[in-house]
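# Geometric and topological summary
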Amino acid sequence: MAKVSNKELLEIAQDESTTPEQLQLLWSNSRSVKIRKAIASNSNANPTTLKLAARLYLEEVLENPAFELLRLFDDDKWVAKVGDSYED
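## Notes on the overall build of the protein
- Each helix and strand in the protein was counted, giving seven helices and zero strands.
- For the protein, the sequential pattern of α-helices and β-strands runs α-α-α-α-α-α-α.
- Burial analysis of the protein (88 residues in total) assigns 35% to the buried set.
- When contacts within the protein are restricted to residue pairs at least 6 apart in sequence, those whose partners lie at least 24 apart make up 36%.
- Summed over all atoms, the accessible surface of the protein reaches about 5,900 Å², with 52% contributed by carbon and sulfur.

Here's what the structure looks like:
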């Protein structure tokens, strides 16, 4: 299998057609801040991935178009409080 460059991985992370499963796998296998921020911003990221991302890249998750729709953080009081503050 050919090695994929960070530039290519970043493009995958930014692509809105990348599946939630692919984004979760990419999150798990990458330690790149740029790639992880792109995943946190991608509206296809699943709730599990966004919960992980929120601890490191809260701004990107809050600006993610899917954030409001998912209501991900109702069970995480700290993140919910920050989200509520952000909306105010």
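## Regarding the packing of helix H1 (residues 6–14) against helix H3 (residues 33–41)
- The interhelical angle for the contact between H1 and H3, taken along N-to-C directions, is 10°, at an axis separation of 8 Å. Taken together, the axis directions place H1 and H3 in an arrangement best described as roughly parallel. Of H3, the residues touching H1 (which contributes Asn6, Leu9, Leu10, Ala13 and Gln14) are Lys34, Ile35, Ala38 and Ile39.
- Looking at the contact of H1 with H3, its residues break down into six nonpolar, two polar and one charged.

## Thoughts on the confidence of the model for the protein
- The share of residues in the protein with pLDDT of 70 or more is 80%, and the mean pLDDT across the chain is 86.
- Here helix H6 (residues 67–70) stands out as the element of the protein with the lowest mean pLDDT, 67, in contrast to H3, whose mean of 98 is the highest.

## A closer look at the nonpolar core
- One finds Ala13, Leu26, Ile35, Ile39 and Val61 to be the most contacted residues of the largest nonpolar core, which totals 18 residues.
- Every element with two or more residues in this core is listed here: H1, helix H2 (20–29), H3, helix H4 (47–56) and helix H5 (58–63).
- A per-element tally of this core places H3 first, with four residues.
- Discounting residues that sit within four places of it in the chain, Leu26 has contacts with Leu9, Ile12, Ala13, Ile35 and Ile39.

## Re the packing of aromatic side chains
- This model, assessed by the stated rule, comprises one aromatic pair.
- Seen in terms of ring centroids, Trp27 and Tyr57 are 6.2 Å apart; in terms of plane orientation they differ by 80°. Their pairing is edge-to-face. Residue Trp27 is found in helix H2, and its partner Tyr57 is found in the loop between H4 and H5; the two are separated by 30 residues along the sequence. Grouping residues by exposure puts Trp27 and Tyr57 together as buried.
- Taking the ring centre of Trp27 as reference, the NZ or CZ of Arg36 above it sits at 4.0 Å.

Procedures and definitions
- Residues numbered from 1 in each chain as written.
- Predicted model: local features only at pLDDT ≥ 70, side-chain atom pairs only at ≥ 80, totals over all residues.
- Heavy atoms only, no water.
- Helix = DSSP H or I, 4+ residues; strand = E, 2+ residues; numbered from the N terminus.
- Buried < 20%, exposed > 50% of the residue type's maximum accessible area, 1.4 Å probe, protein only.
- Contact = heavy atoms within 4.5 Å.
- Areas by Shrake-Rupley, 256 points an atom, 1.4 Å probe, with all protein chains shown as cover.
- Axes fitted to C-alpha atoms, helices over the stretch in contact; angles between N-to-C directions.
- Parallel < 35°, antiparallel > 145°, perpendicular 65-115°, else oblique.
- Nonpolar A, V, L, I, M, F, W, Y, C, P; charged D, E, K, R; others polar.
- pLDDT = per-residue confidence, 0-100.
- Core = buried A, V, L, I, M, F, W, Y, C linked by side-chain atoms within 4.5 Å.
- Phe/Tyr/Trp six-rings, centres within 6.5 Å; stacked < 30°, edge-to-face > 60°.
- Lys NZ or Arg CZ within 6 Å of the ring centre and 35° of its normal.

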